[in-house]
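Spelled out from the first residue to the last, the chains are:
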Amino acid sequence: MGETFKKAGVVGWPIEQSKSPIIHGHWLEQNGISGSYEKIAIEPANFEKDIQSLIADGYRGCNVTIPHKEAALAMADVVSDRAKAIGASNTLVFKDDKIHADNTDGVGFISNLKQLAPKWDAKLGPALVLGAGGAARAIIYSLLQEGAPSVVIANRTQAKAQTLADFFGDHVTAITMDDVGNVLADTQTLVNTTSLGMVGQPDLVLDISALPKTALVTDIVYNPLETDLLKQAKSLGLMTVDGIGMLLHQAVPGFEAWFGTRPTVDDVLREKVLSA
Ligand code: ATR
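Every value quoted in this text rests on a predicted model; they were computed, and no experiment measured them.

J.: Would you mind going over the site of the ligand in detail, with residue names and values included?
T.: Around the ligand sit 13 residues in total, of which A132, N155, R156, T157 and K160 are the nearest. In the environment of the ligand, an oxygen atom lies 3.2 Å from a nitrogen or oxygen atom belonging to the backbone of G134. Between the ligand and the protein, one listed contact pairs an oxygen atom with a side-chain N or O atom of R156 at 2.8 Å. Protein burial of the ligand: of its 640 Å² of free accessible surface, 67% is covered by the chains. Among the residues forming the shell around the ligand, the class breakdown is four nonpolar, seven polar and two charged.

As structure tokens, this is what we get:
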């Protein structure tokens, strides 16, 4: 008897922009796995019904993107601690007649830093996170899990930063964008989670020369790959990590759960996704 054909995909609305099929397609081929991973458009009103159809069709699970990440969490039978804390799910696994929800954005962020900046350690000092959206929430959660002694959040809409700080508790504080300059000298990890600096968006205007020489600077924007923030950090001699790896690493746990093999993030994959 041949190996069972394994099916997974990514659901969203719209879905055309998703790069996930390139990532999973690469790993399926690299590992010689008999399976498929496709884009599946699901309208918000049909989310639960269409997920049930995927289960009935024998899918092993799916990635979940905008606007379904909260709905995915809400319909799951089993929710991982990190998905619960982040309040959204990007990875569903259908097994044992149950829907399991996980959120792999934070672990993807951390794995990327560990791969590209092996000397970096969250425990080395306070982190400063720019932005207070969904990505910031996942990143703050994982920085704290990794042992960051404290996290400062700065956001255009300060109320959103304050809400996040209140949620995470004692070691997390919110400041205004105008106050960023005052905390740089005490920051070991600087993360931009806003869309500033992305093609078609306003620039991120920030002088980071007060950061310690040991600081790491990373940006979740990956178009352009080298943002102005990363350029400035490099010119100051700081460690930098670009944003494409977070997208690649967040895909690892889902692939392993659906297809049974833990895949690796390598340069061939990076180049494939960047040139797509
Ligand atoms: P994601 O899920 O990727 O985090 P999001 O929830 O839309 O996306 O969050 C986008 C972040 O970028 C927010 O922190 C947003 O700031 P506000 O909370 O004030 O909206 C930030 N952002 C987007 N455009 C911005 C701009 N022009 N200036 C400053 N911050 C901006």
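J.: Hey, could you go over the packing of aromatic side chains for me, with residue numbers and the actual values?
T.: Both the distance between ring centres and the angle between the ring planes are used here to describe each pair of aromatic rings. Evaluation of the coordinates by the stated rule reveals five aromatic pairs. For the ring pair W258 and F259, a centre distance of 6.2 Å and an interplane angle of 90 degrees mean the geometry is edge-to-face. An aromatic cluster is present here, built from W27, Y37, F255, W258 and F259 joined pairwise through their rings. The lysine or arginine in question, R137, covers the ring of F167, its NZ or CZ lying 4.3 Å from the ring centre.

J.: A description of helix α2 (residues 47-56) should follow, citing residues and the corresponding values.
T.: Note on helix geometry: an α-helix contains 3.6 residues per turn, so any two residues three or four positions apart are oriented the same way. Every buried residue of α2 is accounted for by F47, D50, I51 and L54. With its buried residues spanning 105 degrees around the axis, α2 presents them on a single face. In α2, the exposed positions angled more than 90 degrees off the buried face are occupied by K49 and A56. Note on α2: the residue one or two positions beyond its end, G58, has a positive phi of about 90 degrees.

J.: Give a description of the pairing of strand β9 (residues 172-175) that names residues and reports values.
T.: The pairing of strand β8 (residues 151-154) with β9 spans four bridges and is classified as parallel. Looking at the pairing, A154 lines up with I175 of β9. A crossover links β8 with its parallel partner β9, the connecting element being helix α7 (residues 158-168), and its sense is right-handed.

J.: How would you explain the environment of I110 if you had to name every residue and give the values?
T.: With respect to the helices and strands, I110 occurs in helix α5 (residues 105-116). Not counting the four nearest positions on each side in its chain, I110 is found in contact with W120, S142, L143 and E146.

J.: I'd like to hear about the pairing of β8, residue by residue, with values.
T.: Going residue by residue along β8, you find V151 and I153 tucked away on one face and V152 and A154 tucked away on the opposite face as well. Relative to β8, strand β7 (residues 127-130) runs parallel, the two sharing four bridges. Bridge assignment links V129 to a residue of β8, and that residue is I153. Viewed along the sheet, the connection from β7 through helix α6 (residues 134-145) into β8 turns out right-handed.

J.: Quick one: what's the story with the packing of α6 against α7, residue by residue and with numbers?
T.: It is the contact of α6 with α7, at a shortest axis distance of 11 Å, that shows an interaxial angle of 35 degrees. Considering how the two elements wind past one another, α6 and α7 form a crossing that is right-handed. Here α6 contributes A136, R137, I140, Y141 and L144 to the contact with α7, which in turn contributes L164, F167 and F168. Class assignment for the residues of the contact of α6 with α7 results in seven nonpolar, no polar and one charged.

J.: Any details on the domain arrangement of the protein? Residues and values, ideally.
T.: Segmenting the protein into domains produces domain 1 (6-104 + 251-275) and domain 2 (107-244). Computed from C-alpha coordinates alone, the two centres of domain 1 and domain 2 are separated by 26 Å. In this complex, domain 1 contributes twelve residues to the contact, which on the side of domain 2 involves twelve residues. Buried area between domain 1 and domain 2, summed over both chains or domains, comes out near 1000 Å², and the portion from carbon and sulfur atoms is 64%.

J.: So what about the sheet that holds strand β2 (residues 35-41)? Which residues, and what values?
T.: Taken in spatial order, the six strands of this open sheet run β2-β1-β3-β5-β6-β4, and their pairing is mixed. Each having just a single partner strand, β2 and β4 (78-79) make up the two edges of the open sheet. Of the strand pairs in this sheet, β4 and strand β6 (residues 98-102) are connected by two bridges, and their pairing is parallel. Its bridge partner lying in β6, V78 is registered against H100. Strand contacts of helix α1 (residues 20-30): β1 (6-12), β2 and β3 (61-64), with the helix running at about 170 degrees to β2, the strand carrying the most contacts. This element, helix α11 (residues 252-259), spans β1, β2, β3 and β5 (91-95) of the sheet and lies at about 15 degrees to β5.

Reading guide: rules and limits
Residues numbered from 1 in each chain as written. Predicted model: local features only at pLDDT ≥ 70, side-chain atom pairs only at ≥ 80, totals over all residues. Heavy atoms only, no water. Near = heavy atom within 4 Å. Polar contact = N/O pair within 3.5 Å; in protein donor to acceptor, adjacent residues only side chain to side chain. Areas by Shrake-Rupley, 256 points an atom, 1.4 Å probe, with all protein chains shown as cover. Nonpolar A, V, L, I, M, F, W, Y, C, P; charged D, E, K, R; others polar. Phe/Tyr/Trp six-rings, centres within 6.5 Å; stacked < 30°, edge-to-face > 60°. Lys NZ or Arg CZ within 6 Å of the ring centre and 35° of its normal. Buried < 20%, exposed > 50% of the residue type's maximum accessible area, 1.4 Å probe, protein only. Helix = DSSP H or I, 4+ residues; strand = E, 2+ residues; numbered from the N terminus. Arc of directions from axis to C-beta. Pairing = 2+ DSSP bridges. Right-handed = clockwise from strand over helix to strand, strands pointing away. Contact = heavy atoms within 4.5 Å. Axes fitted to C-alpha atoms, helices over the stretch in contact; angles between N-to-C directions. Left-handed = near helix turned anticlockwise from the far one by under 90°. Domains from an automatic or database assignment. Buried area = accessible area lost by both parts, 1.4 Å probe.

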